[in-house]
Amino acid sequence: MTTAVLTLSAALLAACGSNSTTSTTTSASAKPASSNGSKAYIPVISKGFQHQFWQAVKQGAEKAAKEYDVNITFEGPETEAQVDKQIEMLQAALDKKPTAIAFAALDSKASVSLLQKAKSANIPVIGFDSGVDSDIPVTTAATDNKKAAALAADKMAEKIGDAGEVALVVHDQTSRTGVDRRDGFVDQMKAKHPYIKIVDIQYGGGDQLKSTDLAKAIIQGHPNLKGIFGANEGSAIGVVNAVTELKNDKLVIIGYDSGKAQIDAIKSGKMAGAITQDPIGIGYWSVKAAVMASKGEKVEKTIDTGFHWYDKTNIDSAEIKALLYN
């Protein structure tokens, strides 16, 4: 599957769309996909629009919508802190009686009651990016975030001589991605790197400005700090900004995701490297799996869309370029 997804990503990686906060609709004009003579409708509800990651996910979802001849809407709240707004979007989507629904939960527990309604109405639920603390989703198309964050921990250990103090800036502690990336990093350090001490974990909601302030406070409060892991795009950029403002060029920064600011930081040497997902593949498989589930076809319980480490040494390679987004 990984090869197929990489191939898909390479073919699809065009310029991402604008950071619009309004939903968009994609459809193809071929024969109807549903039995009642109209096309299947699949709402795709993401965590937000403020990061280029979600624009890349949107690309993949739109590609699948065209390929499988279905209508989709791709929507999300303005920021990843707006759990209530996302729940409202989920309710509005369910009110339209969709064929299936793809959902990336900001709060993996807050949405369960609505997802139960979907299940009761025989509307297949596909998780993507973040899972849901429930057995309701037919499948979840996502990165194995624990394994990816464990790799980030190993890279941090390598860069700081396998000893010293490190910290984390994480986007949240309510979504599956936030929890898994935090725990994957922390658990790997405890298991494999006993001479490294995690001195602080802060949550910035994926917001660059808030993450910058948190990272500055961490750095100023821990003069012996050797490194910080930023667990998503906004968190990582916030850490880079903090280091830049404090003129601390000795701190090792490990990031997660991509985007122009992280790419530039790695090329300039401000960031040691980062984990990249395959956002286009995540979007594509969320819609493809929704189509399959709506037709009663077998879908694996999890769809691992893969991850890779990238740094100065491989950032321009064909394999990595296919997974990065600006």
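Residues numbered from 1 in each chain as written. Predicted model: local features only at pLDDT ≥ 70, side-chain atom pairs only at ≥ 80, totals over all residues. Heavy atoms only, no water.

Put simply, the test is: UniProt positions are given in the numbering used here, feature names are shortened, and annotations may be inferred rather than shown by experiment.
As annotated in an unreviewed UniProt entry, the protein carries the name Substrate-binding domain-containing protein and comes from Paenibacillus silvestris. Recorded in UniProt for the protein, the comment headed Subcellular location (unreviewed entry) runs: "Cell envelope".

### A short note on the packing of aromatic side chains
Note the cut-off: Any Phe, Tyr or Trp ring, taking Trp's six-membered ring, that has another such ring centre within 6.5 Å forms a pair; planes under 30 degrees apart are called stacked, those over 60 apart edge-to-face, and the others tilted. Secondary structure elements follow DSSP: runs of H or I no shorter than four residues count as helices, runs of E no shorter than two count as strands, and numbering proceeds from the N terminus. To sort residues, take the accessible area from a 1.4 Å probe on protein chains only and compare it with the maximum for the residue type: under 20% means buried, over 50% means exposed, and anything in between is partly exposed. Geometrically, a lysine NZ or arginine CZ counts as sitting over a ring once it is within 6 Å of the ring centre and also within 35 degrees of the ring normal.
All chains considered together, the criterion is met by 7 aromatic pairs. Measuring from ring centre to ring centre gives 6.4 Å for Trp 54 and Phe 128, while their planes differ by 80°; the resulting arrangement is edge-to-face. One end of the pair, Trp 54, is in helix H2 (residues 52-67); the other, Phe 128, is in strand S5 (residues 125-128), with 74 residues separating them in the sequence. The exposure classification of Trp 54 matches that of Phe 128, with both residues buried. Consider the rings of Phe 229 and Tyr 256, whose centres lie 6.5 Å apart with planes at 55°: the pair is tilted. Highlighted residues: Phe 229 in strand S9 (residues 225-230) and Tyr 256 in strand S10 (residues 252-256), separated in sequence by 27 residues. Exposure remark for Phe 229: the relative accessible area of 0% places this residue in the buried category. Tyr 256 sits in the buried class, given a relative accessible area of 0%. Chaining the aromatic ring pairs together yields one cluster made of Phe 53, Trp 54, Phe 128 and Tyr 325. Just above the ring of Tyr 256 sits the side chain of Arg 181; from NZ or CZ to the centre is 3.9 Å.

### A few points about the pattern of salt bridges
Rules: We define a salt bridge as a side-chain nitrogen of Lys or Arg found within 4 Å of a carboxyl oxygen belonging to Asp or Glu.
All told, the structure shown has 11 salt bridges when counted by the stated rule. Lys 39 is paired through a salt bridge with Asp 69; the nearest N and O atoms lie 3.2 Å apart. Here Lys 39, found in the loop between strand S1 (24-26) and strand S2 (41-45), pairs with Asp 69, found in the loop between H2 and strand S3 (71-75); they are 30 residues apart in sequence, far enough to count as distant. Across this residue pair, the class does not change: Lys 39 and Asp 69 are buried.

### Examining helix H4 (residues 112-120)
What counts is decided by this rule: In this description, one arc is meant: the one made by directions from the helix axis to the C-beta atoms. Contact criterion: two residues are considered in contact whenever any of their non-hydrogen atoms come within 4.5 Å of each other.
Listing the buried residues of H4 in full gives Leu 114, Leu 115 and Ala 118. Buried positions in H4, seen along its axis, are confined to an arc of 100° and lie on one side of it. Projecting away from the buried face of H4 at angles above 90 degrees are the exposed residues Ser 113, Lys 117 and Ser 120. Residues of H4 that are buried sit in contact with helix H3 (83-95), strand S4 (101-103) and S5. Looking one or two places after H4, you find Asn 122, whose phi comes out positive at around 60°.

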